[in-house]
Every structure is written in C-alpha cells, then in structure tokens.
Amino acid sequence: MTAGFDIHEVRHRVKMLRDTGDTMLVENREGVACPACGDPFSRLLISEQPAHSFDPDPGTRLCVRREDGRLLVSTHE
C-alpha cells in the first residue's frame, strides 16, 4: 500500500458514480488495489465528511482507511 491514495493516478481505471464535492463514489473497472488491504475493490467512497452511515449487502466486505482529513471506504464483493 502507498502512503496515500491518489484518485487522480487511477481515474482512467475507475468509473465516477457520484461526486458531491466532499464525497466521491467510484466503481473499480480494472482491478485497482484497495487502499486498506491491497486487494482489488468493487467500489470506493472517499469522504471529507465527519460521519457516514453504511448499509452494505450481506456478504460484502468493507475496508476502511483514514487519511489526512478524509475517510476511504472500500467494498469487496
């Protein structure tokens, strides 16, 4: 894993699903590594908000990583 996850380095390998300015959701298209565990993720939420609620589907693994003022949450299906 790297010291910090840079979405701009992998933007051509993911699909933007939502961007609200302080929260971004992307879908992995080409096996980008999860910033927490290193396995390819399904979706990645990058948020600068102080709190979030999640309701993952059964069988979905979540990984969480905290970086300088933002939270990265990856799903693995």
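Naming follows an unreviewed UniProt entry, where the protein chain appears as Flagella cluster protein of Haloferax larsenii.

Participant: A description of the pattern of salt bridges should follow, citing residues and the corresponding values.
Facilitator: Two side chains carrying opposite charge are able to pair once their charged atoms lie near each other. Enumeration according to the criterion identifies five salt bridges in this entry. In this structure, Glu-27 and Arg-29 form a salt bridge, with 2.9 Å as the shortest nitrogen-oxygen distance. Of the residues examined, Glu-27 reaches a relative accessible area of 22% and is grouped as partly exposed. Measuring nitrogen to oxygen at the nearest pair gives 2.7 Å for the salt bridge that ties Arg-70 to Glu-67. Taking the relative accessible area as the measure of exposure, Glu-67 reaches 9% and is therefore buried. Salt bridges sharing common partners tie together Glu-27, Arg-29 and Arg-43.

Participant: Break down the side chain of Asn-28 for me, with residues and values.
Facilitator: Within the secondary structure, Asn-28 is located in strand S2 (residues 23–28). Judged by relative accessible area, which is 13%, Asn-28 ranks as buried.

Calculation criteria
- Residues numbered from 1 in each chain as written.
- Predicted model: local features only at pLDDT ≥ 70, side-chain atom pairs only at ≥ 80, totals over all residues.
- Heavy atoms only, no water.
- Salt bridge = Lys/Arg side-chain N within 4 Å of Asp/Glu carboxyl O.
- Buried < 20%, exposed > 50% of the residue type's maximum accessible area, 1.4 Å probe, protein only.
- Helix = DSSP H or I, 4+ residues; strand = E, 2+ residues; numbered from the N terminus.

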